[in-house]
Amino acid sequence: MCENNKWDSSQIRNYDLDLQPIPRLHYKDPKVDELMKTNQPVLLSGSNIAKPAVDKWTLEYLEENLGKCGHTVYVSKTHKFKYFNREKILSKANPKGVEFTSETKSVEMKVSDFMKKLKEWKQGDDRLYLQQSLNSSVGSAIVKDFMGFEWRYVTEKKIRHGWGELSANLLFIAMEGNCTPCHYDEQENLFAQIKGFKRCILFPPDQFECLYPHPVYHPHDRQSMVDFDEPDYIKFPKFKNVKGFETVVGPGDVLYIPIYWWHHIESLLADGPTVTVNFWYKGGPSCLEYPLKDDQKVSIMRNVEKMLLEVLQDPKEVGPLLRTILLGRYV
Ligand SMILES: O=C(O)C(=O)[C@H]1CC[C@@H](C(=O)O)C1
Ligand SMILES: [Zn+2]
């Protein structure tokens, strides 16, 4: 991890992981398309993709222009903000409901209150993380800046690489040290860093066995069960062999996070709040070409789990049935 005059290794948490650097290319370099075409992450530098935001979105400007209505703010007792899908807390696939307590909760908060709490925060207080879709509720100045993004470039990539429709642009305002634990999304992602620095650790879809995602029916579906701060190598022995990639994104950088790639993202320590905007694109149509790609196998595994949960109606039945299929026959 190269250090420079903008941050140093004391500002990143130390995990015992085998990580290679993510390639960093000028955003017009033709090699960008070679990497995107094969679902490889790449850090795009020197672009104007979110330039109006990089130039103007200070915390004061955002407070002034984000709009007066409530914004979604996650609250956590720790530095980790592990996403959960509340619809899965009591779902068809799990009629009895799953014993679930989350370390985070989401509240609606005015930006002014959020910014005030950020300023007054002291060690031991709950941490906050504003995560809000950039939609019609934001002020006109933000809309104008948003329209000034380099849409021609991102739309050209969407078309060239067969991504689906743009599903959302989310704004993230994090406290220093906030962490989004390791998970994957079923969307393509252009992750535009606006203010501050974030360490991004990525793992390819073929690391599924080393990252032990919660079962599909669980509220933490798509999230790794491994706590990177204190890995349980008894429960998750293959985590010891996980191999990944990393980079630190700064203002103006845009990281391409391919669909189904795992990512663990944290704002640097002792560097103040960070601001990011992402571009989530639905996955494009994928034809089954052989050999199947790793992300296609993850999608197939998800569908098998969903079908079994649907028909067995009880998550406890899934393991025994799969063992009966496998033991002595496939393994
Ligand atoms: O854009 C994504 O896919 C994410 O996971 C975001 C959720 C919080 C953001 C972060 O930087 O912490 C990243
Ligand atoms: Zn994500």
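Structure report, in brief. (Residues numbered from 1 in each chain as written. Chains lettered and ligands numbered in written order. Predicted model: local features only at pLDDT ≥ 70, side-chain atom pairs only at ≥ 80, totals over all residues. Heavy atoms only, no water.)

Some points on the pattern of salt bridges
Oppositely charged side chains can form a pair if their charged atoms are brought close together. Under the defined criterion, the tally for this structure stands at 23 salt bridges. When the shortest N-O distance is used, the salt bridge between K31 and D29 registers 3.6 Å. D185 is the salt-bridge partner of R222, the closest N and O atoms lying 2.9 Å from each other. Within this pair, whereas R222 is found in the loop between α7 (208–211) and β11 (243–249), its partner D185 is found in the loop between β8 (179–183) and β9 (187–195), the two being separated by 37 residues in sequence. Given a relative accessible area of 16%, R222 falls into the buried group. Note on D185: relative accessible area 10%, which makes it buried. (Salt bridge = Lys/Arg side-chain N within 4 Å of Asp/Glu carboxyl O. Helix = DSSP H or I, 4+ residues; strand = E, 2+ residues; numbered from the N terminus. Buried < 20%, exposed > 50% of the residue type's maximum accessible area, 1.4 Å probe, protein only.)

Side note on the sheet that holds strand β10 (residues 198–203)
The sheet built from five strands is open, its strands ordered β1-β11-β10-β13-β8 with mixed pairing. Each edge of the open sheet carries a strand with a single partner, namely β1 (18–21) and β8. Within this sheet the neighbouring strands show an average axis-to-axis angle of 25 degrees, counted without direction. Both β10 and β11 contribute to a ladder of five bridges, which runs antiparallel. (Pairing = 2+ DSSP bridges. Axes fitted to C-alpha atoms, helices over the stretch in contact; angles between N-to-C directions.)

Description of helix α9 (residues 315–326)
The end-to-end C-alpha distance of α9, which contains 12 residues, comes to 18 Å, matching closely the 16 Å that a straight helix rising 1.5 Å per residue would cover. The opening residue of α9, the one whose side-chain oxygen lies 2.9 Å from the backbone nitrogen of K316, is D314. Downstream of α9 by one or two residues, G328 has phi in the positive range, about 80 degrees. (Expected span 1.5 Å × (residues − 1). Polar contact = N/O pair within 3.5 Å; in protein donor to acceptor, adjacent residues only side chain to side chain.)

Some words on empty space enclosed by the protein
Scanning all chains against the criterion turns up two cavities of 30 Å³ or more. Y184, F208, P213, H214, V216, D221, R222, V298, M301, R302 and E305 are the residues that line the largest cavity. Considered class by class, the residues forming the lining of the largest cavity number six nonpolar, one polar and four charged. Roughly 30 Å³ of internal volume is contained in the second largest cavity. Forming the boundary of the second largest cavity are S47, I49, A50, K51, V54, A192, Q193, I194, G252, D253 and V254. For the lining of the second largest cavity, the element with the highest residue contribution is β9, accounting for three residues. (1 Å grid on protein atoms, 1.4 Å probe; cavity = no way out; pocket = protein on both sides within 12 Å on 5 of 7 lines; lining within 4 Å. Points joined across faces, edges and corners; volume = space filled by probe spheres on them. Nonpolar A, V, L, I, M, F, W, Y, C, P; charged D, E, K, R; others polar.)

Some details on the coordination of the zinc ion (ligand 2)
The zinc ion (ligand 2) binds to the protein through H183 (NE2), D185 (OD) and H263 (NE2); the donor distances cover 2.0 to 2.1 Å. Mapped onto the polypeptide sequence, the residues donating to the zinc ion (ligand 2) form the spacing pattern H-x1-D-x77-H. Of this pair, H183 sits in strand β8 while H263 sits in strand β13 (residues 262–267), and the two are 80 residues apart along the sequence. Residues H183 and H263 agree in their burial class; the two are buried. (Donors = N, O, S within 2.8 Å, 3.2 Å for Na, K, Ca; no water.)

Quick notes on the site of ligand 1
Neighbouring ligand 1 are 13 residues, the closest being Y129, T180, H183, D185 and K198. The separation between an oxygen atom of ligand 1 and a polar side-chain atom of H263 is 3.1 Å. Considered on its own, ligand 1 offers 340 Å² of accessible surface; in the complex 95% of this is hidden by protein. Elements with a contribution of two residues or more to the shell around ligand 1: β6 (127–133), β8, β9, β13 and β14 (274–282). Its residues assigned to classes, the shell around ligand 1 shows five nonpolar, six polar and two charged. (Near = heavy atom within 4 Å. Areas by Shrake-Rupley, 256 points an atom, 1.4 Å probe, with all protein chains shown as cover.)

Points about a nonpolar patch on the surface
Side chains of L288, Y290, I300, V304, L321, L322, I325, L326, L327, Y330 and V331 sit close together on the surface and give an oily, nonpolar patch of about 1,100 Å² of accessible area. Taken together, the elements giving at least two residues each to the nonpolar patch come down to α8 (294–312) and α9. Considering every element that reaches the nonpolar patch, the biggest residue donor is α9, with four residues. With respect to the element layout, I300 can be found in helix α8. A residue is classified by how much of its surface remains accessible, and I300, at 37% relative accessible area, is partly exposed. (Patch = residues over 30% accessible without salt bridge, like charges linked within 9 Å, V, L, I, M, F, W, Y side chains within 5 Å.)

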